[in-house]
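So you can see what is in the structure, the chains are spelled out below.
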Amino acid sequence: CDSTVTLNLTVNYSTTSSETTTVCDSYLWNGVTYTTSGTYTWISTNSVSCDSTVTLNLTVNNSNSGSSSVTSCDSYIWEGDTYTTSGTYVKTLTNVDGCDSTATLNLTVNYSTTSSETTTVCDSYLWNGVTYTTSGTYTWVGTNSVSCDSTVTLNLTINNSSSNTVTVT
């Protein structure tokens, strides 16, 4: 005998999608933290109970850091700022990948010295290896104990001796 069968068919479809992301250091995706670049897949169930596959194309760029120690006289210019005091200074910059770049400067600032002396002598004066026979103001620049400039100013007055000839008979 004839048999009639009716099929009411609903076809549900699986879904696939992908996303491309670039991040700094790490990326939290579906409960997992990723720290390296790569292609990752996550499979779940979509709204019609079929597979839903998502592919993540991930690029992880890294932050970086560095430090330097510098000794300078009187001041130091670093990243556009002038420092006149010893200390540790930190700047957060952006590296070529768009991530943080932390730079640390350990700075020692030594200072130049200045002094002056006033001297009055007869005939000549030996100062720092030079003999002076004329009054005046003289400057000597050397290096102090912390390897910075040491400037000394000499205010010198020279009185000349006189000689007389006395004839005694």
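Visitor: Would you explain the side chain of S72 in this entry?
Guide: Structurally, the position occupied by S72 is in strand β6 (residues 64–73). There is a polar contact of 2.6 Å between the side chain of S72 and the backbone oxygen of S75. Setting aside anything within four residues of it in sequence, one finds S72 in contact with L107, T108, V109 and N110.

Visitor: Which parts of the structure should I look at to understand the state of the cysteines?
Guide: Every disulfide links exactly two cysteines, by a covalent bond between their sulfur atoms. Taken as a whole and judged by the stated rule, the model has 2 disulfides. Disulfide pairing places C24 opposite C99 at an S-S distance of 2.1 Å. Negative torsions about the S-S bond denote left-handed disulfides, and the value of about -95° found for C24 with C99 makes this one left-handed. Within this pair, whereas C24 is found in strand β1 (residues 15–24), its partner C99 is found in the loop between β9 (87–94) and β10 (100–110), the two being separated by 75 residues in sequence. The exposure class assigned to C24 is partly exposed, which follows from its relative accessible area of 34%.

Visitor: How should I be thinking about the packing of aromatic side chains in this particular structure?
Guide: A ring pair, where both rings are aromatic, is described by two values, the distance of the centres and the angle of the planes. On inspection of all chains with the given rule, the structure shows 6 aromatic pairs. Judged by centre distance (4.2 Å) and plane angle (40°), the rings of Y34 and Y40 are tilted. Both residues of the pair, Y34 and Y40, count as buried. A centroid spacing of 4.2 Å and a plane angle of 45° characterise the contact between Y132 and Y138, whose relative ring orientation is tilted. Here the aromatic cluster, defined as three or more aromatic residues joined through ring pairs, consists of W29, Y34 and Y40.

Visitor: Could you clarify how one ought to interpret the pairing of β10 in this entry?
Guide: A regular strand places its side chains so that they alternate between the two faces of the sheet. Summarising the sheet, β6 and β10 pair through 10 bridges and their orientation is parallel. Bridge pairing in β10 places C73 opposite N110. Summarising the sheet, β9 and β10 pair through 8 bridges and their orientation is antiparallel. Looking across to β10, one finds that T94 is bridged to D100. Here β9 folds back onto β10 in antiparallel fashion, the turn holding 5 residues, of which G98 has a positive phi close to 85°.

Visitor: Help me understand the sheet that holds β6 in this model?
Guide: Pairing between the strands of a sheet comes from backbone hydrogen bonds, and it takes one of two forms, parallel or antiparallel. The strand order across the open sheet built from 3 strands is β6-β10-β9, with neighbouring strands paired in mixed fashion. Because the sheet does not close on itself, it has two edges, and the strands there are β6 and β9. Taken over all neighbouring pairs, the strand axes of this sheet differ in orientation by 20° on average, direction set aside.

Visitor: Teacher, can you tell me more about unusual backbone geometry here?
Guide: One can expect most non-glycine residues to show negative phi and most peptide bonds to be in trans. Although it is not a glycine, E79 adopts a positive phi angle of roughly 50°. The topology assignment puts E79 in the loop between β7 (76–78) and β8 (81–83). Positive phi outside glycine occurs at D123, with the angle close to 70°. Within the secondary structure layout, D123 lies in the loop between β11 (113–122) and β12 (125–127). Residue D123 is classed as partly exposed on the basis of its relative accessible area, which comes to 34%.

Procedures and definitions
- Numbering of residues starts from 1 in each chain and follows the order in which that chain's sequence is written.
- pLDDT decides what is reported in this predicted model: residues at 70 or higher carry local features, side-chain atom pairs at 80 or more are listed and counted, and totals for whole chains, interfaces and linings draw on all residues regardless.
- Water and hydrogen atoms play no part in the side-chain values, which are based on all heavy atoms of the structure.
- Each helix is a run of DSSP H or I of at least 4 residues and each strand a run of E of at least 2, with the numbering of both proceeding from the N terminus.
- Under this definition, polar contacts are N or O atom pairs within 3.5 Å; protein pairs additionally need one hydrogen-donor-capable and one acceptor-capable atom, and for neighbouring residues in sequence, both atoms have to be side-chain atoms.
- Note on contacts: a residue pair qualifies if any of its non-hydrogen atoms lie within 4.5 Å across the two residues.
- Two cysteine sulfur atoms form a disulfide, by the criterion used here, when they sit within 2.5 Å.
- Exposed residues in this analysis have more than 50% of their type's maximum accessible area, buried residues have under 20%, and partly exposed residues fall in between, with area computed by a 1.4 Å probe over protein chains only.
- Classification of ring pairs rests on two measures: the distance between centres of Phe, Tyr or Trp rings, Trp counted by its six-membered ring, which must be within 6.5 Å, and the angle between planes, read as stacked under 30 degrees, edge-to-face over 60 and tilted in between.
- Two strands form a pair only when DSSP identifies at least two bridges running between them.
- Every axis corresponds to a line fitted to the C-alpha atoms, with the helix fit spanning only the stretch in contact, and the corresponding angles, defined between N-to-C directions, vary from 0 to 180 degrees.

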